[in-house]
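Below are the chains, spelled out letter by letter.
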Amino acid sequence: MSEPEDIQNLDRRGPELVYAAVADAVAGQIARGELRPGDRIPGELEMAATYGVARMTVARAVRELRERGLVQTVRGKGTFVL
């Protein structure tokens, strides 16, 4: 599976944080209406494979999205767009 265009040109050795780039990519999907309120975002393992990053990086990106007020995590159910 290839990386989404949002982060494929990311210099992983550069100053930008990878988790922030993943969070920005998902936030962009929300802003464009690709993910709508109530939609469940993919799980950590699926997102890790999609973006080519570690699961812990995805976990930090999801935490960032929660802090931005874009998603809510329901234990045992998943993470949903607000």
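Bear in mind that the values here come from a model prediction, so they are computed numbers and not experimental data.

Chemist: Which parts of the structure should I look at to understand the overall build of the protein chain?
Modeler: The number of helices and strands found in the protein chain is four helices and two strands. The linear arrangement of helices and strands in the protein chain, starting from the amino end, is α-α-α-α-β-β. The buried share of the protein chain, reckoned over its 82 residues, is 33%. A total accessible area of about 5,200 Å² is found for the protein chain, and carbon and sulfur atoms account for 49% of it.

Chemist: Sorry, what's going on with the pattern of salt bridges here?
Modeler: Pairs can form between side chains of opposite charge once their charged atoms are near each other. Counting across every chain of the model gives six salt bridges. One salt bridge connects Asp24 with Arg68, and the closest N-O pair in it is separated by 2.7 Å. Residue Asp24 is found in helix α2 (residues 18-31), and its partner Arg68 is found in the loop between α4 (55-67) and β1 (71-74); the two are separated by 44 residues along the sequence. Here Asp24 falls in the partly exposed class, since its relative accessible area comes to 36%. For Arg68, a relative accessible area of 34% corresponds to the partly exposed category. The salt bridge involving Arg60 is made with Glu64; its shortest N-O contact spans 3.7 Å. Taken together, the residues Arg60 and Glu64, both in helix α4 and four residues apart, mark about one turn of the helix. Three or more residues are tied together by salt bridges with common partners; here these are Asp24, Arg60, Glu64 and Arg68.

Chemist: Quick question: what am I supposed to make of the nonpolar core here?
Modeler: What tends to happen in soluble globular proteins is that the nonpolar side chains get buried as a cluster. Of all hydrophobic cores here, the largest spans 20 residues; its most connected members are Val22, Val26, Met47 and Tyr51. If you list the elements that add at least two residues to this core, you get α2, α3 (44-51) and α4. The element best represented in this core is α2, accounting for seven residues.

Chemist: Where do I start with the pairing of strand β2 (residues 78-81) in this structure?
Modeler: Sheet faces and side chains relate simply in a regular strand, where the side chains alternate between the two faces. Pairing analysis gives four bridges linking β1 to β2, with the strands arranged antiparallel. Residue pairing in the sheet places Val74 in a bridge with Gly78 of β2.

Conventions we followed
Residue numbers run consecutively from 1 along every chain, following the written order of its sequence. Where totals are concerned, whole chains, interfaces and linings use all residues; where local detail is concerned, this predicted model gives features only for residues with pLDDT of at least 70, and gives and counts side-chain atom pairs only at 80 or more. The side-chain quantities take in all heavy atoms of the structure and omit both hydrogens and water. Here a strand is any run of E in DSSP of at least two residues, a helix any run of H or I of at least four, and the numbering for each starts at the N terminus. To sort residues, take the accessible area from a 1.4 Å probe on protein chains only and compare it with the maximum for the residue type: under 20% means buried, over 50% means exposed, and anything in between is partly exposed. Reported accessibility uses the Shrake-Rupley method at a 1.4 Å probe radius. Residues are deemed covered only where the shown protein chains occlude them. One side-chain nitrogen of Lys or Arg within 4 Å of one carboxyl oxygen of Asp or Glu is enough to make a salt bridge. For this analysis, a nonpolar core means a set of buried residues of the types Ala, Val, Leu, Ile, Met, Phe, Trp, Tyr and Cys, connected via side-chain atoms within 4.5 Å. For two strands to be treated as a pair, DSSP must find no fewer than two bridges joining them.

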